[in-house]
Number of protein chains: 2
Amino acid sequence: MKNPHSTPDLRGLLAKNDTKKVREICSSSHPGAVAEMLRTLSPDEVWSVLTLLKPRLRSEIFGNLDESLEVELAKSLKRHDLAEVITYMSADERVDLLKRLPEDTQETLLPALAQAEREDIRRLASYPEGTAGSVMTSDYCTLSPDDIAAEAIEKLRREAPDKETIYYSYVIDANRRLIGFVSLRELILASPQTRVEQIMHRDIIFATVDEDQEEAARKIDKYDLIALPVVNGNNVLVGIITHDDAIDIIRQEQTEDMEMLMAIGGTHETGVYLRTPVWVHFKNRLGWLVVLALLGLVSGYIVQNFENLILQFAVLASFMPMLADTGGNTGSQSATLVIRALALREITNRDVLRVVWKELRVAIPLAIVLAGLAYGRALFFSGSSSMPSGFSLETIGLAVSLALGIQVVTATLMGAVLPLAAARMKFDPAVVASPALTTIVDITGLLIYFTTARYVLGI
Amino acid sequence: MKNPHSTPDLRGLLAKNDTKKVREICSSSHPGAVAEMLRTLSPDEVWSVLTLLKPRLRSEIFGNLDESLEVELAKSLKRHDLAEVITYMSADERVDLLKRLPEDTQETLLPALAQAEREDIRRLASYPEGTAGSVMTSDYCTLSPDDIAAEAIEKLRREAPDKETIYYSYVIDANRRLIGFVSLRELILASPQTRVEQIMHRDIIFATVDEDQEEAARKIDKYDLIALPVVNGNNVLVGIITHDDAIDIIRQEQTEDMEMLMAIGGTHETGVYLRTPVWVHFKNRLGWLVVLALLGLVSGYIVQNFENLILQFAVLASFMPMLADTGGNTGSQSATLVIRALALREITNRDVLRVVWKELRVAIPLAIVLAGLAYGRALFFSGSSSMPSGFSLETIGLAVSLALGIQVVTATLMGAVLPLAAARMKFDPAVVASPALTTIVDITGLLIYFTTARYVLGI
């Protein structure tokens, strides 16, 4: 027993032409582990290894290769070889691969495939990205309600090599409409003569083809499913989404959420930071930066308007960074919690009052502690700053800490309410997260600051 | 066929004492769906529904209840009832539940359980939080290498009701050491007389008890497993982690990453925003806020040092917010990408040079665009600001845009390098994310700004 960490020297074995050993390693290890061993080899070497294997195993390992290696290799293969690899790949993986190949490779490849495969690919590729239809596979097992358990198991046994899973079977009527679901565990437990109809579940958890893929993944998560059936508008079974695809969807959506939270645009696969070209990074990041910089000009405009106040009390300028940062930080904290609670469906965009009430009770003690800190700072470390005579450090401290307290409370509440408002307007709530919020609370913060200062200082 | 959305009126049925219908609904729906229907009922009502069901189904639904309802109900049950519920719960779920009950409830409960259960609970509860051991379950199937396929299937059939999954079986030797793995699919495909030894995989993907739970979940994700075996230091099989637990781990770690990214401390379960008490929220958020506010004072100190410059060129103060925000935003963007790439193991903390090279090429065009923007702003919207005669708006614009350009490049690089440095020092890289970074680049940004301004203005 060993973890697939000690990589065997495939390159060495290839050089020694020890094909028996290579074949043995590749068939005894998990296809994902083999794909990882192949990582360090050149596309030519990878293909030399793969040609030693049986078509099904070859395709399985091929489907586990890094995306970029997979595409590179596919482009370099002869049409006939690629067609064979694709024929034996799982239905969802080959569609993903084809979508990534250049148009002309696709064009020349499709005629080389059998008609059934071609139609399956066309059908699966027809669903828009992000829907349940776009991530499902067509390699699932179906049973008839009249099958008896023993027949059903025999059928699954026959079909096993071609199917993504035989642990869940879907029961369909003569029109392929989904009418039930039964697990292999239940089939094995039932007496051999029991009809599928008698043991199948009629209350099925399913997704529709045009449903959000994230919604489908959530069902797999919530109900601990190995696979989720996907039906079209007529309740006809058209595919399944498996538990491993659900994890991929969850990871991908998570990366997108996190990037949106940090004002990075665009959607993409996960784990491709280094492979993404510089100009795509540039493009994804520039948009928001410009919008936020323009918003930042509003802050500048406010400062400009209070220039005389700053010229009189230069000490006020030295509190600007702390005020802005603290507002941004408290706002981002509450925004993150609200966005996450929305994403996990713990709250909906109608829960404004409950959220505001919660945040208000958190914000007030936070405001008190932070205002106290600012007061201390003003009292003990502002001695050298210039200000008109007749004003004490205590007054400055009062102005600064009062403004900071108000800023903390408003920023926290804005952080909580803005994502809910965005969700209500059908935007992704994360769009108003950290950077956008920081810039917005800068503007409100400066207004609060200078207005409070004027009021407290009585000018 | 229907999705479990149209909730049947369980309360109404209870009032009418229609126990037959209640029983029917509960046994035909997914336990998770039943748990959801029970959400709106009081703990007493929930228990009235559950008592109508068979012990196994009752425990299964119980384990699917919301955490808070589960605990509340458990505390209100008679010792004997609770012991029965716990006996039939899955091994990992009952440990989770027990950990959440008050000490005295645990004390009185344990003696009411059978010895085997008690020992199993003690053993599972003994692994520290966050390890593979703490999330594994002991309800798995084992086979002997000498079993023939037909016997093995019969054995799985007998054990099915008590096991979390029968689709993966683990082959152990006389000392319970893990020596192989076989799937039900393979057992069914094999001829009935084949010995398990002949078809089992010897190259097993596994986790060790003290391995990070996230690492274990990653293996399930990467190799598309339904379950992952967990062994102790002597290679003795002690538990399995199932695919649905992997999703829960991934979601929980993602929430924690995101919160850390926004400077919120503490670890907790996901989806408990509203249920977490106000003071816990306060405590989790305060720490970082205070640290960051203290860091913000450093920014204030820098501004104070350049007070004379501001008094001469008040216009410079109006660019402070834009400079700080843009630095924070560009830094946060690159930090997010790097932290995510680290989390997905796309890069390691040794890839500093590759990351810096990538970020530098993104940062320079970003700096040029944003500096251009700042120059325009200075030229066209600063007319009303006061400055000494003899200085043109073009000079101010040059100073501001040059400073902004340098700030964008340094902030981007700091955003990329600091998470890597944190990872290198065995901290969670997310610790230097958005809020911390924003505050740090504020400090460097102000230094860059005033130094550049002095230099360009020649004073």
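Residues numbered from 1 in each chain as written. Chains lettered and ligands numbered in written order. Predicted model: local features only at pLDDT ≥ 70, side-chain atom pairs only at ≥ 80, totals over all residues. Heavy atoms only, no water.

**What to know about the overall build of chain A**
In step 1: When helices and strands are tallied, chain A shows 22 helices and six strands.
In step 2: By the compact-globule yardstick of 23 Å for 459 residues, chain A is too spread out, its C-alpha radius of gyration being 31 Å.
In step 3: Considered along the principal axes of its C-alpha atoms, chain A spans approximately 95 × 60 × 45 Å.
In step 4: Of all 459 residues assigned to chain A, the portion counted as buried reaches 58%. (Helix = DSSP H or I, 4+ residues; strand = E, 2+ residues; numbered from the N terminus. Rg over C-alpha atoms; globule rule 2.2 N^0.38 Å. Buried < 20%, exposed > 50% of the residue type's maximum accessible area, 1.4 Å probe, protein only.)

**Describing the packing of helix 20 (residues 352-381) of chain A against helix 17 (residues 278-305) of chain B**
In step 1: Between helix 20 of chain A and helix 17 of chain B, whose axes approach to 10 Å, the crossing angle comes to 30°. When the axes of helix 20 of chain A and helix 17 of chain B are compared, the pair comes out roughly parallel. Once helix 20 of chain A is placed against helix 17 of chain B, the crossing between them reads as right-handed.
In step 2: For the contact of helix 20 of chain A with helix 17 of chain B, the residue count by class is 16 nonpolar, three polar and five charged. (Axes fitted to C-alpha atoms, helices over the stretch in contact; angles between N-to-C directions. Parallel < 35°, antiparallel > 145°, perpendicular 65-115°, else oblique. Left-handed = near helix turned anticlockwise from the far one by under 90°. Nonpolar A, V, L, I, M, F, W, Y, C, P; charged D, E, K, R; others polar.)

**With respect to the nonpolar core**
In step 1: Counting 182 residues, the largest nonpolar core has L38, F62 and L184 of chain A together with L38, F62 and L184 of chain B as its most contacted members.
In step 2: Once you skip the residues sitting within four places of it in the chain, F62 of chain B turns out to touch L50, E70, L73, A74, L77, V85, M89 and L97 of chain B.
In step 3: In this structure, M322 and A399 of chain A together with V362 and I396 of chain B belong to the second largest nonpolar core, which totals 80 residues. (Core = buried A, V, L, I, M, F, W, Y, C linked by side-chain atoms within 4.5 Å. Contact = heavy atoms within 4.5 Å.)

**Quick word on the interface of chain B and chain A**
In step 1: Listed per partner, the contact involves 131 residues of chain B and 131 residues of chain A.
In step 2: At the boundary of chain B with chain A, the tally comes to six salt bridges.
In step 3: For D221 of chain A, the salt bridge identified is with R251 of chain B, shortest N-O distance 2.8 Å.
In step 4: There are 24 residue pairs in polar contact (both at pLDDT 80 or more) connecting chain B and chain A.
In step 5: Counting residues per element, the side of chain B that touches chain A draws most heavily on helix 17 of chain B, which supplies 17 residues.
In step 6: Here the side of chain B that touches chain A is built from residues that sort into 65 nonpolar, 36 polar and 30 charged. (Salt bridge = Lys/Arg side-chain N within 4 Å of Asp/Glu carboxyl O. Polar contact = N/O pair within 3.5 Å; in protein donor to acceptor, adjacent residues only side chain to side chain.)

**Description of the packing of helix 4 (residues 43-51) of chain B against helix 5 (residues 55-64) of chain B**
Residues and elements named next belong to chain B.
In step 1: The N-to-C vectors of helix 4 and helix 5 enclose an angle of 150°; their axes lie 9 Å apart at closest approach. Between helix 4 and helix 5, the angle falls in the class roughly antiparallel. Note on element contacts: helix 5 touches helix 4 through R58, I61 and F62, opposite W47, L50 and T51.
In step 2: The residue makeup of the contact of helix 4 with helix 5, split by class, is four nonpolar, one polar and one charged.

**Side note on the sheet that holds strand 2 (residues 168-172) of chain B**
All names here are of chain B.
In step 1: Read from one edge of the open sheet, three strands run 1-2-3, paired in mixed fashion. Every other strand in the sheet has two partners, leaving strand 1 (141-143) and strand 3 (178-183) as the edge strands with one partner each. Neighbour to neighbour, the strand axes of the sheet diverge by 35° on average, direction disregarded.
In step 2: When strand 2 meets strand 3, the two strands line up antiparallel, connected through five bridges. In the strand pairing of strand 3, Y168 is matched with S183.
In step 3: Here helix 12 (residues 149-159) sits on the sheet and contacts strand 1 and strand 2; the angle it forms with strand 1, its principal contact strand, is near 155°. (Pairing = 2+ DSSP bridges.)

**Considering the environment of I205 of chain A**
Residue and element names in this part refer to chain A.
In step 1: Within the element layout of this structure, I205 appears in the loop between helix 14 (196-199) and strand 4 (207-208).
In step 2: Note on I205: relative accessible area 7%, which makes it buried.
In step 3: Taking the C-alpha atoms as reference points, I205 and E154, separated by 51 residues in sequence, lie 26 Å from one another.

**Thoughts on the relation of the copies chain B and chain A**
In step 1: Rotating chain B by 180° and translating it 0.0 Å along the rotation axis places it on chain A, where the RMSD comes to 0.1 Å. Here the symmetry operator amounts to a two-fold rotation axis. Residue L311 of chain B, judged by its C-alpha, is the member of chain B lying nearest the rotation axis, at 2.8 Å.
In step 2: The share of interface residues of chain B whose copies in chain A are also at the interface is 100%, consistent with both copies meeting through the same surface. (Least-squares fit on C-alpha atoms with pLDDT ≥ 70 in both.)

**Points about the packing of aromatic side chains**
Residues and elements named next belong to chain A.
In step 1: One pass over the full model with this rule turns up nine aromatic pairs over all chains.
In step 2: A ring pair is formed by F306 and F450, whose centres lie 4.8 Å apart and whose planes are at 15°; its orientation type is stacked. A residue pair is termed long-range when its members are at least 10 positions apart, and F306 in the loop between helix 17 (278-305) and helix 18 (307-312) and F450 in helix 22 (residues 434-457) qualify at 144 residues.
In step 3: Relative accessible area serves as the criterion here: at 12%, F306 is assigned to the buried category.
In step 4: In this structure F450 comes out as buried when scored by relative accessible area, which is 0%.
In step 5: Of the aromatic side chains, those joined through ring pairs into one cluster are Y168, Y170 and F181.
In step 6: If you follow R377 out to its NZ or CZ, it ends over the ring of F319, 4.7 Å from the centre. (Phe/Tyr/Trp six-rings, centres within 6.5 Å; stacked < 30°, edge-to-face > 60°. Lys NZ or Arg CZ within 6 Å of the ring centre and 35° of its normal.)

**Comments concerning the pattern of salt bridges**
In step 1: Using the criterion set out here, one finds 38 salt bridges over all chains in the structure.
In step 2: The residue R100 of chain B makes a salt bridge to E70 of chain B at a minimum N-O spacing of 3.6 Å. In this pair, R100 of chain B sits in helix 8 (residues 91-100) while E70 of chain B sits in helix 6 (residues 67-76), placing the two residues 30 residues apart along the sequence.
In step 3: Since its relative accessible area comes to 5%, E70 of chain B is described here as buried.
In step 4: E211 of chain B is paired through a salt bridge with K219 of chain B; the nearest N and O atoms lie 2.8 Å apart. Of the two residues, E211 of chain B and K219 of chain B, neither departs from the other in class, the shared state being buried.
In step 5: Here the salt bridges share partners, and the residues they tie into one network are E67, E70 and R100 of chain A.

**Section: the environment of Y168 of chain A**
In step 1: Inspection of the secondary structure puts Y168 of chain A in strand 2 (residues 168-172).
In step 2: Remark: the alpha-carbon pair of Y168 of chain A and T194 of chain A, spanning 26 residues in sequence, is separated by 17 Å.

**Observations regarding the sheet that holds strand 5 (residues 227-231) of chain B**
Residues and elements named next belong to chain B.
In step 1: Strand order in the open sheet made by the three strands is 4-5-6, with mixed pairing throughout. The open sheet is flanked by strand 4 (207-208) and strand 6 (237-242), the only strands paired with a single partner.
In step 2: Here five bridges tie strand 5 to strand 6, and the two strands are oriented antiparallel to one another. Each bridged residue has a counterpart across the sheet, and for P229 the counterpart in strand 6 is I240.

**A short note on the side chain of D120 of chain B**
In step 1: By the secondary structure assignment, D120 of chain B is in helix 10 (residues 115-125).
In step 2: If near-sequence neighbours (up to four positions away) are discounted, D120 of chain B is found in contact with A91, R94 and S138 of chain B.

**Observations concerning the domain arrangement of chain A**
In step 1: Here chain A is partitioned into domain 1 (10-125), domain 2 (141-242) and domain 3 (278-457).
In step 2: Once you take the C-alpha centre of each, domain 2 of chain A and domain 3 of chain A turn out to be 53 Å apart. (Domains from an automatic or database assignment.)

**Some points on unusual backbone geometry**
In step 1: Of note, N17 of chain A is a non-glycine position whose phi angle comes to about 60°, a positive value.
In step 2: Phi is positive for N235 of chain B, which is not a glycine, with a value near 65°.
In step 3: By secondary structure assignment, the location of N235 of chain B is in the loop between strand 5 and strand 6.
In step 4: Using a relative accessible area of 30% as the deciding quantity, one classes N235 of chain B as partly exposed.

**Remarks on the pairing of strand 5 of chain B**
Residues and elements named next belong to chain B.
In step 1: Buried residues dominate strand 5, accounting for five of its five residues.
In step 2: Residue alternation in strand 5 divides its side chains into two sets, A227, P229 and V231 and L228 and V230, and both sets are buried.
In step 3: Inspection of the sheet shows strand 4 paired to strand 5 by two bridges, in the parallel sense. Counted as the bridge partner of T208 is V231 from strand 5.
In step 4: The turn joining strand 5 and strand 6, which pair antiparallel and follow one another in sequence, is formed by five residues; a positive phi near 65° is taken by N235.

**Overview of the environment of D66 of chain A**
Residue and element names in this part refer to chain A.
In step 1: As for its placement among the helices and strands, D66 is situated in the loop between helix 5 (55-64) and helix 6 (67-76).
In step 2: For D66, a relative accessible area of 30% translates into the label partly exposed.
In step 3: Linking D66 and E36, residues 30 residues apart in sequence, is a C-alpha distance of 8.3 Å.
In step 4: At 2.9 Å, the side chain of D66 and the side chain of R39 are in polar contact.

**Details of helix 7 (residues 79-88) of chain A**
In step 1: Within the sequence span of helix 7 of chain A, burial applies to D81, L82, A83, V85 and I86 of chain A.
In step 2: Turning to helix 7 of chain A, the residues buried within the fold contact helix 4 (43-51), helix 5, helix 6, helix 8 (91-100), helix 9 (103-109) and helix 10 (115-125) of chain A.

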